[in-house]
Amino acid sequence: MSDRTALRPETIAVSAGRPPRTPDAPTSTPVTFASAFVAGGEIEYARYGNPSWTALEDALGALEGGTCLSFASGMAAVSAVLSLVPHGGAVVVPRHAYQGTLALLDTEAGSGRFEVRRVDIVDPDAVEAAIPGAALVWLESPTNPALEIADIARLAAAARAAGVLSVVDSTFASPLLQRPLELGADLVVHSATKLIAGHSDVVLGAVVAGDDALADRIRQHRSLHGAIPGPMEAFLTLRGLRTLSVRLERAQSNARELARRLADAPGVVEVRDPGFGTVLGIVLADAAAADRVVDRVQLWIPATSLGGVESTLERRRRWATEAPTIPEGLIRLSVGIEHIEDLADDLLGALR
Ligand SMILES: *Cc1c(COP(=O)(O)O)cnc(C)c1O
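Just so we're clear, the structure is a prediction, and the values are computed from it rather than from any experiment.

The next point concerns the UniProt feature "modified residue: N6-(pyridoxal phosphate)lysine" (unreviewed entry) in the protein chain. Mapped onto this numbering, the UniProt entry gives "modified residue: N6-(pyridoxal phosphate)lysine" (unreviewed entry) at Lys194. Of note, Lys194 is situated in the loop between β6 (187–191) and β7 (205–209). For Lys194, a relative accessible area of 10% translates into the label buried. Contact partners of Lys194, with chain neighbours within four places excluded, come to Thr171, Ser305, Leu306 and Gly307.

This part is about the sheet that holds strand β9 (residues 279–283). Here 5 strands make up an open sheet; going across it, the order is β8-β9-β12-β11-β10 and the pairing mixed. Edge strands, defined here as strands with exactly one partner in the open sheet, are β8 (270–272) and β10 (301–302). Bridge analysis of strand β11 (residues 312–315) against strand β12 (residues 330–334) gives 4 bridges, and the strand direction is antiparallel. Across the sheet, the residue bridging to Leu313 is Leu333, located in β12. On the sheet, helix α10 (residues 244–262) packs against β8, β9 and β12 and is oriented at approximately 15° with respect to β9. Contacts from helix α11 (residues 287–296) reach β10, β11 and β12 within the one sheet, and its direction differs from that of β11 by about 155°.

The next point concerns the nonpolar core. In summary, soluble globular proteins display a tendency toward joint burial of nonpolar side chains. Val81, Leu136, Trp138, Leu187 and Ile218 are the most contacted members of the largest nonpolar core, which has 27 residues in total. With 6 residues, the single largest contributor to this core is helix α3 (residues 74–82). The contact partners of Val81, leaving out residues within four places of it in the chain, are Leu136, Trp138, Val167, Leu187, Val189, Val207 and Ile218.

Turning next to the packing of α3 against helix α4 (residues 99–110). Direction vectors running N to C along α3 and α4 enclose 40°, while the axes themselves pass 10 Å from each other. With respect to their mutual orientation, α3 and α4 come out oblique. The way α3 lies across α4 gives a crossing that is right-handed. Mapping the contact onto sequence places Met75, Val78, Ser79 and Leu82 in α3 and Gly100, Thr101, Leu104 and Leu105 in α4. Each residue belonging to the contact of α3 with α4 can be placed in one class, and the counts come to 5 nonpolar, 3 polar and no charged.

All chains considered together, the criterion is met by 1 aromatic pair. A centroid spacing of 5.8 Å and a plane angle of 70° characterise the contact between Tyr45 and Tyr48, whose relative ring orientation is edge-to-face. Residue placement shows Lys194 over the ring face of Tyr98; its charged tip is 5.3 Å from the ring centre. Note that Arg222 overlies the ring of Phe71, its terminal NZ or CZ placed 5.9 Å from the centroid.

Turning next to the pattern of salt bridges. Applying the stated criterion across every chain yields a total of 21 salt bridges. Ionic pairing is found between Asp291 and Arg315, a salt bridge with its closest N-O pair at 2.9 Å. Linking Asp291 in helix α11 with Arg315 in strand β11, this pair joins segments that are 24 residues apart in sequence. We classify Asp291 as partly exposed; its relative accessible area is 31%.

This paragraph deals with the environment of Arg260. Counting through the fold element by element, Arg260 comes out in helix α10. On the accessibility criterion, Arg260 (55% relative accessible area) is exposed. A sequence separation of 50 residues divides Arg260 from Gly210, and the C-alpha atoms of the two residues are 38 Å apart. A polar atom in the side chain of Arg260 sits 2.7 Å from the side chain of Glu257.

In an α-helix there are 3.6 residues to a turn, and that puts residues three or four apart on one side. For α4, with 12 residues, the first-to-last C-alpha span of 16 Å sits near the 16 Å given by 1.5 Å per residue. Among the residues making up α4, those that are buried are Gln99, Gly100, Thr101, Leu102 and Leu105. Packed against the buried residues of α4 are α3, β2 (90–94), β3 (115–119) and β4 (136–140).

It is worth spelling out the environment of Val207 at this point. Mapped onto the secondary structure, Val207 falls in strand β7. Taking relative accessible area as the criterion, Val207 reaches 0% and is therefore assigned buried. Sequence separation between Val207 and Asp346 is 139 residues; the distance between their C-alpha atoms is 37 Å. Each residue touching Val207, except ones within four places of it in the same chain, is listed here: Thr67, Cys68, Leu69, Phe71, Ala77, Val81, Leu187, Val188, Val189 and Ile218.

So, about unusual backbone geometry. With the exception of glycine, most residues fall at negative phi, and the peptide bonds are largely trans. A cis amide bond links Ser141 to the next residue, Pro142, at an omega of -15°. Note the cis peptide between Asn144 and Pro145, where omega equals 5°. Positioned with a positive phi, Leu147 is a non-glycine residue whose angle comes to about 65°. Along the chain, the position of Leu147 falls in the loop between β4 and α6 (152–161). Phi is positive for Ser200, close to 55°, though the residue is something other than glycine. Within the secondary structure layout, Ser200 lies in the loop between β6 and β7. Looking at Ser200, the relative accessible area reads 46%, which means it is partly exposed.

Cut-offs applied
Residues numbered from 1 in each chain as written. Predicted model: local features only at pLDDT ≥ 70, side-chain atom pairs only at ≥ 80, totals over all residues. Heavy atoms only, no water. UniProt positions renumbered as here; feature names shortened; annotations may be inferred. Helix = DSSP H or I, 4+ residues; strand = E, 2+ residues; numbered from the N terminus. Buried < 20%, exposed > 50% of the residue type's maximum accessible area, 1.4 Å probe, protein only. Contact = heavy atoms within 4.5 Å. Pairing = 2+ DSSP bridges. Axes fitted to C-alpha atoms, helices over the stretch in contact; angles between N-to-C directions. Core = buried A, V, L, I, M, F, W, Y, C linked by side-chain atoms within 4.5 Å. Parallel < 35°, antiparallel > 145°, perpendicular 65-115°, else oblique. Left-handed = near helix turned anticlockwise from the far one by under 90°. Nonpolar A, V, L, I, M, F, W, Y, C, P; charged D, E, K, R; others polar. Phe/Tyr/Trp six-rings, centres within 6.5 Å; stacked < 30°, edge-to-face > 60°. Lys NZ or Arg CZ within 6 Å of the ring centre and 35° of its normal. Salt bridge = Lys/Arg side-chain N within 4 Å of Asp/Glu carboxyl O. Polar contact = N/O pair within 3.5 Å; in protein donor to acceptor, adjacent residues only side chain to side chain. Expected span 1.5 Å × (residues − 1).

Now the structure itself:
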């Protein structure tokens, strides 16, 4: 195979993680259902490794420029990274990070495991001021569901200068739109459940580490805590990754066009569009107005989660765990790959 580093990301997403090119080898790495492997090799037991994971991890690692470890879910990946924080250590985290991440941090903080420093991620001076003495700077960009953008290069550099680890939850960007390790972060987290798998039929997470020592610690955490992905899930996630670039192309063009049309749609107070990616937010006057839109759409599916080929929407504050600073009338739109006119007709019709 030619030098992978010379290939473009769209090509890596298609070509990495395939079996060696020998006559009659399958072109895709098959699903390996096994709990035990013949002794004397590198795997030995299925909690330590599986060829279906390796294929996916090779591809995601090549895309992000590090060593990838796959997990049972995005939250298992989050939890593995948090295991790097020593007891009582401080974690700097965006106030609008994924609600599961915040809930996990709060739960652990309640038992004295962590100190949590919540920051406004769009105020880099405030984030930098919170870094000294911390053990980990948690970045998420764009944030879910506020769609704020962090200055990853600046904040990762500030963390490094202070001797503090940094991680980016890059779920909303996917490995094709943002490469945090190249921007100076130590680790990347993905909920592959979303854009990478892309069809709303898999739960899987990934950590990508920028150096071998961190990768070894994350691998050891996975082996001991056991939050491993199923082989079928790893296979489906890699299959999803193969089409990520074309799905992104369509979904992003749909998202930008919808953002334009929603700007002067009836009842829309604010459109949140990070300018890339496939998730938008619209803010309506209040919860009731937003709930009416969610009830009225026929094509858009009212559902949580995001990043699938099908367009979904939800009013985020229907969840008690969502941050109180998220507007009651915010609807998160996960834009899929349907025809733009059908998506626009349905959504603008529901707003009228
Ligand atoms: C969904 C999500 C997670 C959690 O991933 P799961 O696969 O649901 O466990 C973490 N971070 C972000 C930004 C997410 O959107």
